[in-house]
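Per-entry structural report
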Amino acid sequence: MPQDNKTMKDIIQASILEHGAPKIGTAYSDAATQAMYEHYQKPRRTYYVLEVDGVVLGGAGVAPLDNYKGNVSELQKMYFKPEARGKGYGKKMMQVCLKRAAQLGFESIYLETMDNMYEAQGLYKNVGFTLLKQPLGDTGHFSCPVQMLKTF
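Residues numbered from 1 in each chain as written. Predicted model: local features only at pLDDT ≥ 70, side-chain atom pairs only at ≥ 80, totals over all residues. Heavy atoms only, no water.

1. Digging into helix 5 (residues 118-126)
In an α-helix, one turn spans 3.6 residues, which is why side chains three or four residues apart end up on the same side. The cut-off we apply is this: Relative accessibility thresholds used throughout: buried, under 20% of the residue-type maximum; exposed, over 50%; partly exposed, between the two (1.4 Å probe, protein chains only). Going along the chain from the N terminus, every DSSP run of H or I of four or more residues is numbered as a helix, and every run of E of two or more is numbered as a strand. Summarising the geometry, the arc corresponds to the directions from the helix axis toward the C-beta atoms. What makes two residues a contact is simply this: any of their non-hydrogen atoms within 4.5 Å.
Residues of helix 5 that are buried include every one of Gln121, Leu123 and Tyr124, and no others. In an axial view of helix 5, the angular spread of the buried residues amounts to 160°, which keeps them on one side of the axis. Helix 5 presents Tyr118, Glu119 and Asn126 as exposed residues on the side facing more than 90 degrees away from its buried surface. Those residues of helix 5 hidden inside the fold are in contact with strand 3 (72-80), helix 4 (89-103), strand 4 (108-113) and strand 6 (146-151). In the segment just after helix 5, Gly128 is the residue with positive phi, at about 110°.

2. Observations concerning the layout of surface pockets
As a reminder, the rule being used: Residues are called lining when one of their atoms sits within 4 Å of a cavity or pocket point, these points coming from a 1 Å grid over the protein atoms alone, where a cavity is a set in which a 1.4 Å probe fits but cannot get out and a pocket is an open set with protein on both sides within 12 Å along at least five of seven lines. Grid points are joined across faces, edges and corners, and a volume is the space filled by probe spheres set on the points. Residues are sorted three ways: Asp, Glu, Lys and Arg are charged, Ala, Val, Leu, Ile, Met, Phe, Trp, Tyr, Cys and Pro are nonpolar, and all the rest, Gly among them, are polar.
The space that makes up the largest pocket amounts to roughly 690 Å³. Lining the largest pocket are 34 residues, and of these Met78, Tyr79, Phe80, Ala120 and Tyr124 sit closest to its centre. Counting residues per element, the ones that place at least two in the lining of the largest pocket are helix 1 (5-18), strand 3, helix 4, strand 4 and helix 5. No other element matches strand 3, which puts seven residues into the lining of the largest pocket. For the lining of the largest pocket, the class distribution of residues is 17 nonpolar, ten polar and seven charged. What lines the second largest pocket is simply Met1, Asp4, Asn5, Met8, Met36, Tyr37, Tyr40, Gln41, Thr46, Tyr47 and Val49.

3. Considerations on the side chain of His141
Selection criterion: Distance and chemistry together define a polar contact, namely a pair of N or O atoms within 3.5 Å, with one atom able to donate a hydrogen and the other to accept it when in protein, and with adjacent residues in sequence counting only for side-chain atoms on both sides.
With respect to the helices and strands, the residue His141 is situated in the loop between strand 5 (130-131) and strand 6. Here Glu112 takes part through its side chain, which lies 3.4 Å from a polar atom of the side chain of His141. Residues within four places of His141 in sequence aside, it is in contact with Gly25, Thr26, Ala27, Asp30, Glu74 and Glu112.

4. Points about the pattern of salt bridges
Put simply, the test is: Should a side-chain nitrogen of Lys or Arg be within 4 Å of a carboxyl oxygen of Asp or Glu, the pair is scored as a salt bridge.
Throughout the structure, instances matching the rule amount to three salt bridges. Salt-bridge contacts for Lys6 lead to Asp10; the nearest nitrogen and oxygen are separated by 2.7 Å. Of the two residues, Lys6 and Asp10 are both situated in helix 1; the distance of four residues between them amounts to about one turn of the helix. Under the relative-accessibility criterion, Lys6 is labelled exposed at 56%.

5. Let's talk about the nonpolar core
Note the cut-off: Nonpolar core, defined: a set of buried Ala, Val, Leu, Ile, Met, Phe, Trp, Tyr and Cys residues in which side-chain atoms within 4.5 Å join the residues together.
Of all hydrophobic cores here, the largest spans 23 residues; its most connected members are Leu75, Met78, Met94, Ile109, Tyr124 and Phe129. Listed by contribution, the elements that provide at least two residues to this core are strand 2 (55-64), strand 3, helix 4, strand 4, helix 5 and strand 6. Looking at this core element by element, the count peaks at five residues for helix 4. Within the second largest apolar cluster, 16 residues are counted, among which are Val56, Ala63, Tyr79 and Cys144.

Encoded structure:
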């Protein structure tokens, strides 16, 4: 919902800073982060917001991989407040996003992350993502050194 834009922006930006990632070349400065609801109203895009007892705790989405020729989606902006972590929300959100990407007809799903986001990488590997040697497409996230892919 449009009213979740500021909350999700704050969660994304706080998480990026918490992990010592730069503001430039990450989701911190993306145009989409500034207007999440509007960005995900385009075709083949979905963003889910996790709300518990009326409090937004995080979210994640899927969209076509930017600047890439091929039927690949991207897991985008999967971030949670610290108090939501370690409770299984990430795994559930991941399952929802993987299912949605498949429903949208994508052949695979790609992601980029920071090298020190160990818990997130463990989750990604647990659901079948594998490490790549170089990025796919051009998301503008040149500060994210880890790229992963899962084929459906």
